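Structure at a glance
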Amino acid sequence: MQLSELGGSEGLEHNPTLNRESAVALGAFGAITAGAVYLGARATREAVSQGWYKRLKKPPFQPPGALFGPVWTTLYALIAVSGWRIWGSPAGTKRSKALGLWFVQLGLNAAWSHLFFRKRDVRAAAVENWALLGSIVAYTAAASGVDRKAPYLMAPYLGWVTFANVLSTDIARRNA
């Protein structure tokens, strides 16, 4: 499959050098995203294995634990492809701003797990989740001025984090 079939920059299939460069960039965006996943998963695993998370008072709309892995795997793949699409767009201040915001939202994503699971500070995590939500909205808006498909790749993530925001805020309220 050519990278252009994934929705990459048009014309890549006619230029093997650009296609290789794009493949490396896609791998880099995947690796950067995987790094954030690793940091978050490490903090999560410790809290869950020690029983702290199970003891929290959670709202009745808390999804089952088995749902989180498949949902986040899909979302992280979409996040990586969205960033890669922005990278593949013509250089300029709009692209630079969008890429900067992409890194901000990914960093805040990893920071949430650290605050919630490692620090066990549910209030700080709830506040940070609002910042994460704002960064996703800001990235999506910036990306819409650079690439027509990249913002749509973020829509499921934006929806899930909005739900996670309600969940995180309610957990903080119940465990004050």
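None of the values given here were measured: they were computed from a predicted structure.

**Focus: the overall build of the chain**
Scanning the chain for helices and strands turns up six helices and zero strands. The secondary structure elements of the chain, listed N-terminal to C-terminal, are α-α-α-α-α-α. Buried residues in the chain amount to 42% of all 176 residues. Put simply, of all contacts in the chain between residues at least 6 apart along the chain, 75% involve residues at least 24 apart. Within the structure as shown, the chain displays about 9200 Å² of accessible surface, and the carbon and sulfur contribution to it stands at 65%.

**Describing the pattern of salt bridges**
Counting across every chain of the model gives three salt bridges. The shortest N-O distance in the salt bridge between Arg 85 and Asp 147 comes to 2.7 Å. Here Arg 85 is found in helix H3 (residues 65-87), whereas its partner Asp 147 is found in the loop between helix H5 (122-144) and helix H6 (150-174), with 62 residues between them in sequence. Residue Asp 147 is classed as buried on the basis of its relative accessible area, which comes to 11%. A salt bridge links Arg 174 to Asp 170, with the shortest nitrogen-to-oxygen separation between them at 2.6 Å. With Arg 174 and Asp 170 both in helix H6, this residue pair falls four residues apart, about one helical turn. The class for Arg 174 is partly exposed, based on a relative accessible area of 29%. Residue class for Asp 170 comes out buried when judged on its relative accessible area of 11%.

**Some details on the confidence of the model for the chain**
Averaged over the chain, the pLDDT score is 89; the fraction of residues at 70 or greater is 90%. Low pLDDT, under 50, characterises residues 11-15; the predicted model gives this stretch six contacts beyond four residues in sequence or across chains.

How each quantity is defined
Residues numbered from 1 in each chain as written. Predicted model: local features only at pLDDT ≥ 70, side-chain atom pairs only at ≥ 80, totals over all residues. Heavy atoms only, no water. Helix = DSSP H or I, 4+ residues; strand = E, 2+ residues; numbered from the N terminus. Buried < 20%, exposed > 50% of the residue type's maximum accessible area, 1.4 Å probe, protein only. Contact = heavy atoms within 4.5 Å. Areas by Shrake-Rupley, 256 points an atom, 1.4 Å probe, with all protein chains shown as cover. Salt bridge = Lys/Arg side-chain N within 4 Å of Asp/Glu carboxyl O. pLDDT = per-residue confidence, 0-100.

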